[in-house]
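One-letter residues, chain by chain:
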Amino acid sequence: MNQNELKKVLSKLSLGDVRYFDSIGSTNSEALAWATGGAKDLSLVIADEQTAGRGRLDRKWFTPKGTALAFSLILRPRAEEKPYLSRMVGLAALAVTDSLRTRGLVSQIKWPNDVLLNGRKVAGILVETVWSGEEVDGLVIGIGMNILKDAVPPADVLTFPATSLEESLGSLVEREKMLQDILAGIIVLRPHLGSDSFIASWEKALAFRGEQVQAEQGDGSPLIGKLLGLESDGSLRLSIEEGKSITVRFGDVRLRPKA
Ligand code: BT5
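Here's what I pulled together on the structure shown here. (Residues numbered from 1 in each chain as written. Predicted model: local features only at pLDDT ≥ 70, side-chain atom pairs only at ≥ 80, totals over all residues. Heavy atoms only, no water.)

### As for the sheet that holds strand β11 (residues 244-248)
Then step 1. Spatially, β11-β10-β9-β8-β12 is the arrangement adopted by the 5 strands of the open sheet, whose pairing is antiparallel. The open sheet has two edge strands, β11 and β12 (251-255), and neither has a second partner. Sheet twist, expressed as the mean angle between neighbouring strand axes with direction ignored, is 45°.
Then step 2. Alignment of strand β8 (residues 212-217) against strand β9 (residues 222-230), held across 5 bridges, turns out to be antiparallel. (Pairing = 2+ DSSP bridges. Helix = DSSP H or I, 4+ residues; strand = E, 2+ residues; numbered from the N terminus. Axes fitted to C-alpha atoms, helices over the stretch in contact; angles between N-to-C directions.)

Structural data, given as structure tokens:
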């Protein structure tokens, strides 16, 4: 990445410390170790390439050199944020959708942690927790975003179609400026984490609202229902039959294939 530009954009934000790597295994793994070792609130790990980028449930996240954004932000949750930590994935997703909106792009959040452009995944989010006994001592918000076409992995390694910002904008997007906008978005949204309007904005940005979806729950079992919205903790609400709704806490959703 352009080091001067990176320094310039990051100096405009009130971050903790910053660690930059030309290449790393996973920025989330580095950030988890750093958070355990006492990193300050809003410390940032950013890399130009990941060789062992991670998704949820040990899935792989691809970050080829020079093509994408891959970074992890460490948060030290404040007392008033602690009841709402399950909303942090929504906070990150909204910061990403906001940053795309300022570039004239309408994106959607595929619950729980994907951001879609034209129905294809452009960004993924991985939130991980550092515990101190029973207490959450730190959170790591990892965000990967495909900027250039070359960031998009081959279709045979994907479980869902992917895209890049370049495909939508047709022109080169500055990664450093995109990073600045997403980080600024997180910082601006953070004080609103516990508000009802936060859930309302998150819900409004959800993909497939009102449509029949298949949710794969954490244990892999499928559930079919109409996507109604979110519970206050960010869980998904599905209507499985007239008058009966169900809450999905962990898992993935996809549109139900048409019969
Ligand atoms: C995610 O997991 O989407 C979370 C991805 C988080 C990545 C960031 S990058 C910075 C930080 N450091 C890390 O090590 N991780 C975080 P999940 O919902 O489980 O989706 C993973 C799936 O997305 C994979 O199984 C692939 O099918 C697909 N995938 C992998 N790389 C992709 C890419 N570059 N673009 C689109 N889809 C991808």
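On we go.
### Remarks on the site of the ligand
Then step 1. Taken together, 30 residues lie around the ligand, and Ser 26, Arg 54, Arg 59, Lys 121 and Asn 146 are the ones closest in.
Then step 2. With respect to the ligand, the backbone of Arg 54 contributes an N or O atom lying 2.7 Å from an oxygen atom.
Then step 3. Between the ligand and the protein, one listed contact pairs a nitrogen atom with a side-chain N or O atom of Asn 146 at 2.8 Å.
Then step 4. Relative to its free-state accessible area of 800 Å², the ligand is covered by the protein chains to the extent of 97%.
Then step 5. Within the residue set of the shell around the ligand, elements represented by two or more residues are α2 (27-36), β3 (68-75), β6 (120-132) and β7 (135-146).
Then step 6. Across the shell around the ligand, the residue classes break down as 11 nonpolar, 13 polar and 6 charged. (Near = heavy atom within 4 Å. Polar contact = N/O pair within 3.5 Å; in protein donor to acceptor, adjacent residues only side chain to side chain. Areas by Shrake-Rupley, 256 points an atom, 1.4 Å probe, with all protein chains shown as cover. Nonpolar A, V, L, I, M, F, W, Y, C, P; charged D, E, K, R; others polar.)

### Regarding the nonpolar core
Then step 1. Core analysis: the biggest nonpolar cluster contains 64 residues, and Leu 69, Leu 100, Met 145 and Ile 182 have the highest contact counts within it.
Then step 2. Sorting elements by how many residues they give to this core places helix α3 (residues 88-101) first, with 9 residues.
Then step 3. Once residues lying within four places of it in the same chain are set aside, the contact partners of Leu 69 are Met 1, Ile 46, Ile 143, Gly 144, Met 145, Ile 147, Arg 175, Met 178, Leu 179 and Ile 182.
Then step 4. Among the nonpolar cores identified, the runner-up in size contains 11 residues, and Trp 34, Ala 35, Val 45 and Ile 74 belong to it. (Core = buried A, V, L, I, M, F, W, Y, C linked by side-chain atoms within 4.5 Å. Buried < 20%, exposed > 50% of the residue type's maximum accessible area, 1.4 Å probe, protein only. Contact = heavy atoms within 4.5 Å.)

### Section: α3
Then step 1. A rise of 1.5 Å per residue sets the reference length of α3, with its 14 residues, at 20 Å; its end C-alpha atoms lie 20 Å apart and thus fit the reference within 8%.
Then step 2. Buried residues dominate α3, accounting for 12 of its 14 residues.
Then step 3. Along α3, the residues that are buried comprise Met 88, Val 89, Gly 90, Leu 91, Ala 92, Ala 93, Leu 94, Ala 95, Val 96, Thr 97, Ser 99 and Leu 100. (Expected span 1.5 Å × (residues − 1).)

### Focus on the packing of helix α1 (residues 3-11) against helix α5 (residues 175-189)
Then step 1. α5 packs onto α1 with a crossing angle of 20° between their chain directions and a minimal axis gap of 9 Å. Classed by the angle they form, the pair α1 and α5 counts as roughly parallel. As for the relative orientation of α1 and α5, their crossing is right-handed in sense. Across the interface between the two elements, Glu 5, Leu 6, Val 9 and Leu 10 of α1 pack against Glu 176, Leu 179, Gln 180 and Leu 183 of α5.
Then step 2. Here the residues of the contact of α1 with α5 are counted per class, giving 5 nonpolar, 1 polar and 2 charged. (Parallel < 35°, antiparallel > 145°, perpendicular 65-115°, else oblique. Left-handed = near helix turned anticlockwise from the far one by under 90°.)

### Describing α2
Then step 1. Looking at α2, one finds that the buried residues are Thr 27, Asn 28, Ala 31, Leu 32, Trp 34 and Ala 35. All buried residues of α2 fall inside an arc of 165° around its axis, so they share one side. In α2, the exposed residues that point more than 90 degrees away from the buried face are Ala 33 and Thr 36.
Then step 2. Turning to α2, the residues buried within the fold contact β1 (18-21), β2 (43-47), β3, β6 and β7. (Arc of directions from axis to C-beta.)

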